[in-house]
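Residues per chain, in single letters:
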Amino acid sequence: MSSDMDEIVQEFLVESYEALDRLDGDLLALERDPNSKDVLASIFRVMHTIKGTCGFLGFSKLERVAHAGESLLGGLRDGTLEVSPPVASALLNTGDALRRMLAHIERAGNDGDEDFLHLVATLERLRASGGMTVPKRVPVVPNSPRKAPAADMDAPAAEQPADDPVRATSVADTNIRVDVGILDNLMTLVGELVLARNHIADITAGAADDPILAAAAQHLHAITADLQDGVMRTRLQPIHTAWARFPRVIRDLAISMGKQVRVETDGDDTELDRSIIEAIKDPLMHLVRNAVDHGIESPAEREAAGKPAEGVVHIRASHEGGQVTIQMSDDGRGIDLERVRAKAVERGLLRAEQAKKLSVRDTVEMIFQPGFSTAEQITNLSGRGVGMDVVKTNIGRIGGNVEVATKAGKGTTYTLKIPLTLAIIPALLVDSGGQRYAIPQVNLLELVRASAEQIETVHGAPVYRLRGKLLPLVFLATELGGDVAEGTTHHVVVLQADGRHFGLVVDGVSETAEIVVKPVGSYLKGVDTFAGATILGDGSVGLILDIIGLARRAHVLTKTQERELDEALAHDGDETASADRAALLVFSDHEGGRMAIPLEMVTRLEEFPRAELENSGPFPVVQYGEEILHLVDISRLMLERRNKARTEALTSVGDVLPVLVYLHEGRRVGVVVGQILDVVHHDLVELQPGTRPGVAGTMITQGRVTEVLDLPQILSDWDEDALAALTGYEELSA
């Protein structure tokens, strides 16, 4: 089968081959027991399914033969025909003919030149004669002079040779159907293997002097990762299975409402775990129905507005950053914001003066309130207010979120961002109150350290000034009923939930790890702080934090607080961030010199053990997710720019490499530094001129001279061939 065969045709071939294999056995069983209604019903279903599907796909010859076979079987089912040897032989020959045409479809994409009119005539004569007589020979009208005369159809059709390349490589031979329960059980076992792998990795971390044990652990890690990836792929399904029914649903809804609507889809082959697909079917269905009901106008209204009479609902899916993004948009009237505000006041959700100041974003968010609806009348489609809040709740339960953009007269777009799977997820492990907790990385934005002096208070709530914006803080220990650890520095995990950001203050940050999600016990079902549990590498149980639930519990995502923070920032005078003020990440090189770059340039801060480094030619690299991350030493880069000559080996960087992950011209590069020191805010207009190439300017931070680097320019001048000549550069991976 060609690699570009349409997926629907491929599925049709697999199902048809399997059905025809059962057909032979069922026909023989029916010949032995003509009164078996169950067997006859099974045979009829096979023929009916093949006929209906091949007609839809445009295989007319295949449809003609299947239709003739179905008609004969219909007579058997109705009792107007009896099962006889001629009938059984003709039906067996029908199965053989169908196989030949399926093989031709698989090989050439069509059902071939042979029309099997002789077989169709035989089936029709048997039905007309009651199944007891059949002519000895049926004339054939061939479509091509190359075909040989037909054989007597009373005799079984000749079998294809066993070494026929078409049948030997059949799609049916390369596909197998597996019960979903078996796959779920296999996924559970892989999860247990991942836990065992994590446990062994935890043990071997303290046995660095045993190279044999370390090698075995590394081999186990690689095998487990490959097995996990393979099993995950068996659970993946194309996302179009979640919206396969939408065209029919939209058609029926549009007709019932006197509208004209069509569906367009993009990214149908985007794959998701089947559990995720099942979870999003109902939310997507509601969004589609809502678009037809509320969004798309009537043909007359659309034409009056200069639009085509037919409205369009467009659904698009794509992989983005370890997640799947689904966009569902319509070209309808858009959300009436004034009407939403009026309904919010009417229901007591807002005061009139608050509604007048409500931003567009906050106004749109009102549609997700429980029981909220702008419909004037209650119908079987709308008006009860039990839809949009369920959409957001269900998407939130699987770690996703929903965003809405609307424009009057142009339409509305719903953007759903959801994880690829729920079974095994990457997470950040943090410490609080002597316990370890897991934070799904899908919610993680960045990690920062804040001194006690950097934490401010706005209306009694703690906040941190992050790149000119006030970030509300939640102390995990406080929310869990414990005491906040004393210290001069706090670890702040910057998270996103429900489209908003907040900082979670923890006692410490441990590591990143792949964790197996386990359901929590029934006694914790009502606690919205935890999304599940996992077994950590040391065998202990760790709870997985429900970021949205935690944020709601701490009341950091309320619109009122967001407005208060904005107002506080607007009245903050000299502390207000401006276009000439930036957050800078301060670090040292290997000689202790202080440098800084704008924090917005850094996508992640990482630490890589020297033992994980490998070589790609002369350059050190490290495995970074599914990528290979090239590492460059900031000290050597700066000296090379100044000297333009070969340099000597520099101070060792130690056993752990602090790395700034930077996206340079579409490729991630790891910039190795000496030590990450701090994040400061500084007016760029106050920078003093730089003293060497690659330095945009200098400033004073914490009483020390700090160079602000022009990292894009430095890396643009970076030439790998030149770096290969640098003495000692290979020592990074030595």
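Before reading further, recall that the structure is shown in the block above.
The sections below set out a description of the structure shown in this document. (Residues numbered from 1 in each chain as written. Predicted model: local features only at pLDDT ≥ 70, side-chain atom pairs only at ≥ 80, totals over all residues. Heavy atoms only, no water.)

## Considerations on the side chain of Thr 529
Phase 1: Looking at the element boundaries, Thr 529 is found in the loop between β16 (508-516) and β17 (530-535).
Phase 2: What makes Thr 529 buried here is its relative accessible area of 1%. (Helix = DSSP H or I, 4+ residues; strand = E, 2+ residues; numbered from the N terminus. Buried < 20%, exposed > 50% of the residue type's maximum accessible area, 1.4 Å probe, protein only.)

## Brief notes about the sheet that holds strand β13 (residues 469-475)
Phase 1: With mixed pairing, six strands are arranged side by side in an open sheet as β10-β14-β15-β13-β12-β11. Only two strands of the sheet have a single neighbouring strand rather than two, namely β10 (444-451) and β11 (455-458). Taking the axes of each pair of neighbouring strands and ignoring which way they run, one obtains an average angle of 40 degrees across the sheet.
Phase 2: As paired strands, β10 and strand β14 (residues 489-497) are joined by seven bridges and run antiparallel to one another. Among the inter-strand pairings, Val 448 is bridged to a residue of β14, identified as Val 492. (Pairing = 2+ DSSP bridges. Axes fitted to C-alpha atoms, helices over the stretch in contact; angles between N-to-C directions.)

## Here's the deal with helix α9 (residues 246-256)
Phase 1: Residues Phe 246, Val 249, Ile 250, Leu 253 and Ala 254 constitute the buried set of α9. The buried residues of α9 occupy an angular sector of 125 degrees when the element is viewed end-on, so they sit on one face. Residues of α9 that are exposed and angled more than 90 degrees away from the buried face: Arg 248, Ile 255 and Ser 256.
Phase 2: Backbone geometry just downstream of α9 places Gly 258 in the positive-phi region, at approximately 70 degrees. (Arc of directions from axis to C-beta.)

## Remarks on the packing of aromatic side chains
Phase 1: One pass over the structure, following the stated rule, counts zero aromatic pairs.
Phase 2: In this arrangement the basic side chain of Arg 77 is found over the ring face of Phe 44, its NZ or CZ atom lying 3.9 Å from the centre. (Phe/Tyr/Trp six-rings, centres within 6.5 Å; stacked < 30°, edge-to-face > 60°. Lys NZ or Arg CZ within 6 Å of the ring centre and 35° of its normal.)

## A short note on the environment of Val 517
Phase 1: Positionally, Val 517 belongs in the loop between β16 and β17.
Phase 2: Judged by relative accessible area, Val 517 falls into the partly exposed class, the value being 29%.
Phase 3: In sequence terms Val 517 and Gly 532 are 15 residues apart; their C-alpha atoms lie 6.2 Å from each other.

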